[in-house]
Amino acid sequence: MSSKIYKWLDSRLRLQPIKQTLLDEPIPGGASWIYVFGSATLFLFVLQAITGMFLALYYAPTPDHAYDSIQFIEQEIAFGAFVRGLHHWGASLMVVAIGLHMLQTFLYGAYKPPREVMWMIGVVLLLITLGFAFTGYLLPWDQNAYWATQVGINMVGGVPVVGDFLVRVLRGGESLGALTLSRFFAVHILFLPALLIVGIMLHLFVLRRVGPAGPWSDDRAKLGSETFAPRQVYMDAVVMLALFVLAATLALTVHFPLADKANPSDTTFVPVPEWYFLFYYQLLKYVHGPFEPLVTWMLPAAFILIVLFWPFIDRNPARNPSQRRVAMLAGGGFLIVVFGLMALSLRDLYAERRIDPSVAHGKAVYAQYGCAGCHVIHGEGGAVGPDLSYVGDTRPDREWHYRHFKDPAEVVPGSTMPRFQLAEKELHDLTSYMLSLKEDS
Ligand code: HEC
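What you are looking at is a predicted structure, and each value in this text was computed from that prediction instead of being measured.

1. Digging into the side chain of Ser 69
Link 1 in the chain: Turning to its location among the elements, Ser 69 is positioned in helix H4 (residues 66–75).
Link 2 in the chain: Looking at Ser 69, the relative accessible area reads 8%, which means it is buried.
Link 3 in the chain: Not counting residues up to four positions away in its chain, the partners in contact with Ser 69 are Tyr 58, Tyr 59 and Ala 60.

2. What about the site of the ligand?
Link 1 in the chain: Around the ligand, the structure places 23 residues, and the nearest of them are Cys 371, Cys 374, His 375, Ser 415 and Met 417.
Link 2 in the chain: Arg 395 has a polar side-chain atom sitting 2.9 Å from an oxygen atom of the ligand.
Link 3 in the chain: For the shell around the ligand, the secondary structure elements donating two or more residues are helix H18 (398–406) and helix H20 (424–436).
Link 4 in the chain: No other element matches H18, which puts four residues into the shell around the ligand.
Link 5 in the chain: Of the residues that constitute the shell around the ligand, the class distribution is 16 nonpolar, six polar and one charged.

3. With respect to the pattern of salt bridges
Any two side chains of opposite charge can pair, given that their charged atoms come close.
Link 1 in the chain: The final tally for this structure, using the stated rule, is nine salt bridges.
Link 2 in the chain: Of the charged contacts in the structure, one is a salt bridge between Lys 112 and Asp 314, with a shortest N-O distance of 3.2 Å. Of this pair, Lys 112 sits in the loop between helix H5 (80–107) and helix H6 (116–138) while Asp 314 sits in the loop between helix H14 (310–313) and helix H15 (325–353), and the two are 202 residues apart along the sequence.
Link 3 in the chain: Overall, Lys 112 belongs to the buried group, its relative accessible area being 4%.
Link 4 in the chain: Its relative accessible area of 12% is what places Asp 314 among the buried residues.
Link 5 in the chain: One salt bridge connects Asp 429 with Lys 425, and the closest N-O pair in it is separated by 2.8 Å. A residue pair is termed a helical-turn pair when its members lie 3 or 4 positions apart in one helix, as Asp 429 and Lys 425 do in helix H20 at four residues.
Link 6 in the chain: What makes Lys 425 exposed here is its relative accessible area of 54%.
Link 7 in the chain: One connected set of salt bridges, linked through shared partners, spans Lys 285, Arg 347 and Asp 348.

4. What about the packing of aromatic side chains?
Link 1 in the chain: Overall, the coordinates contain 16 aromatic pairs when judged by the stated rule.
Link 2 in the chain: An aromatic cluster is present here, built from Phe 106, Tyr 111, Trp 119 and Trp 310 joined pairwise through their rings.
Link 3 in the chain: Positioned above the aromatic ring of Phe 106 is the side chain of Arg 324, whose terminal nitrogen or guanidinium carbon lies 5.8 Å from the ring centre.

5. Description of the coordination of the iron atom of the ligand
Link 1 in the chain: Protein-derived ligands of the iron atom of the ligand are His 375 (NE2) and Met 417 (SD), with the metal-ligand distances lying across 1.9 to 2.1 Å.
Link 2 in the chain: Geometry at the iron atom of the ligand is octahedral, judged from the six donor atoms that bind it and their angles of 86 to 177 degrees at the metal. Taken together, the positions of His 375 in the loop between helix H16 (357–368) and helix H17 (391–394) and Met 417 in the loop between helix H19 (408–411) and H20 put the pair 42 residues apart, joining distant regions of the chain.

How each quantity is defined
Residues numbered from 1 in each chain as written. Predicted model: local features only at pLDDT ≥ 70, side-chain atom pairs only at ≥ 80, totals over all residues. Heavy atoms only, no water. Helix = DSSP H or I, 4+ residues; strand = E, 2+ residues; numbered from the N terminus. Buried < 20%, exposed > 50% of the residue type's maximum accessible area, 1.4 Å probe, protein only. Contact = heavy atoms within 4.5 Å. Near = heavy atom within 4 Å. Polar contact = N/O pair within 3.5 Å; in protein donor to acceptor, adjacent residues only side chain to side chain. Nonpolar A, V, L, I, M, F, W, Y, C, P; charged D, E, K, R; others polar. Salt bridge = Lys/Arg side-chain N within 4 Å of Asp/Glu carboxyl O. Phe/Tyr/Trp six-rings, centres within 6.5 Å; stacked < 30°, edge-to-face > 60°. Lys NZ or Arg CZ within 6 Å of the ring centre and 35° of its normal. Donors = N, O, S within 2.8 Å, 3.2 Å for Na, K, Ca; no water. Tetrahedral: all angles 85-135°; square planar, octahedral: opposite > 155°, others 65-115°.

Function cannot be read off these values alone, since they describe shape.
This is the structure:
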């Protein structure tokens, strides 16, 4: 029955050649689990496209409503939190899949002739994916989104000659605001998907012209080849299913909260980027002053060019890693640096997390009320009032601080410290900060 239908369709649509290109493509050396990362990436892109379409039904790309619309999706819409979770974790998994895909291509020397063009299109696809990550990060319009994007845009501003122009193109106006959000949204859902789809088609077109590279050793390749279907199709499908289960599990179990709604006047907020940008974020912390342009744009630009033209830089014809010392050292060194920076960044973030949030907020209150105008803490501030560097040791009593803040002159007769109208929480957190100022911390 089904073969009859197939025959009929084939007689009308001439499916046979399509089946040949899609399923009968020979893989030198046969199917392998190591070849699944390309299709895994493609699958994750489709997952992003589908979940993105559903999110777009409710998302409102304006500063007034973006944050609320995400909250609405999270709290009111059936499966809203789940779909947003899939989109969030799908993006992370896509970065991982691309990383592994590139690693495999690199290790197998699969970028070598005749596959240079395929590698270069792949690098462009990676850049487009990072464009998705950058534009998507702003859309929830929370504090993290706003300030991380601010940092990113400022970095582009450092590029000589065209920097200001690029900043204006990215921002769409004088400051990060409504115009920025609507253009990031348009780029995220229209421009980049169109580019990515064309890029994927070219990538696959070239693959069909040059064929898969197969194993690096000719001996293994000579063991015989195998068509794409059925075994490679089966392996790819298993990995896709596993990825969906993983993304769904993460979406259901790991909640990633929104930060507070974006507040453009709160310049003290320190944003944290997505995990896959952490290594770079860490690098930025180390370089200041005249060397800043080195990391804000020179290094990334040089790196992108090197990776893009890598097939022409690495002229060694061997594909076997044991005959490619330089390439392996370069690749291994890069991975060590990236993961090392990432580990340092995570360590710092973890240390910051351990600070009591009440103390952190108290510190902000301290800055907000200009206490430093009269008080010194570790050498910073004015010397009108007492040095507060170790006030937690000398005045360990919370109640004392409450009474003192409410009316200094009543607690310390003759005090010239002004009274501050502090809200209950401000009073509490400011006092927590005072009590945390101790010699042994
Ligand atoms: C106009 C200057 C001035 C400002 C502004 C000011 N203080 Fe004071 N502060 C003083 C003076 C003078 C004293 C010493 C008299 C006293 O204890 O009331 C003092 C005392 C203190 C003490 C007691 C220190 C001790 O060791 O006895 C604390 C704690 C303190 N200030 C915290 C703060 C905080 C927090 C702020 C910001 C909300 C602040 N002060 C703003 C002038 C100031």
